[in-house]
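Single-letter residue listing:
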Amino acid sequence: MKFRDYQQSIINIGSSRLSDRGLIYLSMEVRTGKTLTSLGIAQKIGAGSVLFITKKKAIYSIENDYGLLSPDFKLEVINYESLHKRTMSKPDLVICDEAHSMGAFPKPSKRAKDVKGILAAMDSPLLILMSGTPTPESFSQIYHQVYCHPDSPFNQYKNFYKFAAHYVNIAQRRIGGNVVNDYSNGLMEKIMGVMKPYMISYTQKQAGFTSEIEEDVLYVDMKPSTHKLCERLEANLVVEGKEEVILADTSVKLMMKLHQIYSGTVKFESGNSMVLDRSKAEFIRWKFKEDKIAIFYKFTAELEALKEEFGDDLTTDIDEFDNTDKNIALQIVSGREGISLRKAKYIVYYNIDFSATSYWQSRDRMTTKNRRFNKVYWIFSRGGIEKKIYKAVQGKKNYTITHFKKDYK
């Protein structure tokens, strides 16, 4: 295979900076070829062994890219949750895909701690971080992505709090009866000014992508019993059945329960889940019966509704989806990053996530350099909560309890 011109340029620049600094961050937008570019850098620097850490659903496509490139180095691809099972204890290079998932603050996430432990055992650690959205919610997210490397650009700050004293406009906000510090307002110019020597950015526009994403919202009439259940829950904050209880005694619980029920499922107080109304699944099956589609769902019970409706025509495995006529169902958060749905004619959303990051990343999964047009369908229940969430995430804002209280006051 042959790298595109811009990929080869990034490989040349990246390998030089990685050798000098031990750490680089590939901030390349989706479908511009982050994986192949990172493997090209590994090849360029002469790595003998590479540990590639990613999300579980992305493993298949990364191994395909490795086979396509056929480099000399050994590769182990593993998901963040399975790092304790890895066979490479001291690889020459570590690549962290979707690195923004390590960006929790003020305390480091388990992912960030695990990667830090791996690098600490290496003699001269080399690290490539990759993400199309390095700081999707706050510039404060950068600290714990890079702190795992001993030569982090912020290594003079022993923890996030010391970093925040210099790089965050710390505010206070009230949660319940308590006043807590809000560290989300990271100072962009100061933080990214320090990160600039480590960052290599590239956009779809620079890569020559001209594809367009068109969205269409379709409304489904849910069963009258579904709307009656929502009305009862709003009025009483609890619905008791013979064996199960739906409890919504806080605003957060009410928001979650209405979100579930309006799309036809519910999780009871016991932890059990149930499909109440398959209207959405039936509509999707009928509407797209002639098409190969990728379906995004939010709640686990929604997958059960889809399986009941589609039967053997549905898979959750990307390899099977790519090589058969089956449709695929993916949970929004786990499927929004690191995979390609180029074989789908349409992306269809059974439900919508509260996260703006989920909205912007998942809808772009079909994009390729040669695909000029992508169509995305949102399936909303008539009179449900989804339309309000959609309005918020389109404006690049997470749908929060503040939005919910305003919508349902």
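Please refer to the structure higher up on the page.
Here we take up the sheet that holds strand β5 (residues 127–130). Read from one edge of the open sheet, six strands run β3-β2-β4-β5-β1-β8, paired in parallel fashion. Because the sheet does not close on itself, it has two edges, and the strands there are β3 (74–79) and β8 (199–202). On average, each strand axis in the sheet is tilted by 15 degrees relative to the strand beside it, whichever way the strands run. Alignment of strand β4 (residues 93–96) against β5, held across three bridges, turns out to be parallel. Residue pairing for β5: Ile-95 is matched across the bridge by Ile-128. The strands that helix α2 (residues 34–44) touches are β1 (23–28), β2 (49–54), β3, β4 and β5; relative to β1, the one it contacts most, it runs at about 155 degrees. Together, β2 and β3 form the strand contacts of helix α3 (residues 59–69), whose direction differs from that of β3 by roughly 170 degrees.

Bringing the packing of α2 against α3 into the picture now. Two quantities define a packed helix pair, namely the angle between the helix axes and the distance between the axes. Where α2 contacts α3, the axes come no closer than 10 Å and their chain directions differ by 50 degrees. One element, α2, and the other, α3, form an angle in the oblique class. As α2 runs across α3, the sense of the crossing is right-handed. On α3, the residues touching Thr-35, Leu-36, Leu-39, Gly-40 and Gln-43 of α2 are Ile-62, Asp-65, Tyr-66, Leu-68 and Leu-69. Considered class by class, the residues forming the contact of α2 with α3 number six nonpolar, three polar and one charged.

Mapped onto the secondary structure, Cys-148 falls in the loop between α5 (143–146) and α6 (160–167). Judged by its relative accessible area of 2%, Cys-148 is buried. Linking Cys-148 and Gln-331, residues 183 residues apart in sequence, is a C-alpha distance of 29 Å. Setting aside its immediate chain neighbours within four residues, Cys-148 contacts Ala-112, Val-115, Lys-116, Leu-119 and Leu-127.

Below, the discussion takes up unusual backbone geometry. Look at the link from Phe-105 to Pro-106: it is a cis peptide, with omega at 5 degrees. With respect to the element layout, Pro-106 can be found in the loop between β4 and α4 (110–120). If you check the backbone angles, Leu-237 has positive phi at about 65 degrees while not being a glycine. Summarising the element assignment, Leu-237 is placed in the loop between α8 (224–236) and β10 (238–240). Judged by its relative accessible area of 33%, Leu-237 falls in the partly exposed class.

With respect to topology, six strands assemble into an open sheet ordered β9-β18-β17-β14-β16-β15, the strand pairing being parallel. The sheet is open, and its two edges are formed by β9 (212–220) and β15 (314–315), each paired on a single side. Strand direction decides the pairing type here: β9 and strand β18 (residues 373–381), joined by nine bridges, are parallel. The residue bridging Asp-216 from the neighbouring strand is Tyr-377, located in β18.

Here we come to the nonpolar core. Leu-26, Ile-128 and Leu-341 are the most contacted members of the largest nonpolar core, which has 69 residues in total. Here this core takes five residues from helix α9 (residues 251–262), the largest share from any one element. Counting residues in hydrophobic clusters, the runner-up holds 36 residues, among them Cys-96, Leu-119, Val-146 and Phe-160.

This part is about the pairing of β4. Both faces of β4 are covered, namely the face carrying Leu-93 and Ile-95 and the face carrying Val-94 and Cys-96. Pairing analysis gives four bridges linking β2 to β4, with the strands arranged parallel. Each residue of the ladder has a partner; that of Val-50, found in β4, is Leu-93. Following the backbone out of β4, through α4 and into the adjacent parallel β5, one traces a crossover that is right-handed.

What counts and what doesn't
Residues numbered from 1 in each chain as written. Predicted model: local features only at pLDDT ≥ 70, side-chain atom pairs only at ≥ 80, totals over all residues. Heavy atoms only, no water. Pairing = 2+ DSSP bridges. Helix = DSSP H or I, 4+ residues; strand = E, 2+ residues; numbered from the N terminus. Axes fitted to C-alpha atoms, helices over the stretch in contact; angles between N-to-C directions. Contact = heavy atoms within 4.5 Å. Parallel < 35°, antiparallel > 145°, perpendicular 65-115°, else oblique. Left-handed = near helix turned anticlockwise from the far one by under 90°. Nonpolar A, V, L, I, M, F, W, Y, C, P; charged D, E, K, R; others polar. Buried < 20%, exposed > 50% of the residue type's maximum accessible area, 1.4 Å probe, protein only. Core = buried A, V, L, I, M, F, W, Y, C linked by side-chain atoms within 4.5 Å. Right-handed = clockwise from strand over helix to strand, strands pointing away.

Geometric values such as these leave the question of function open.
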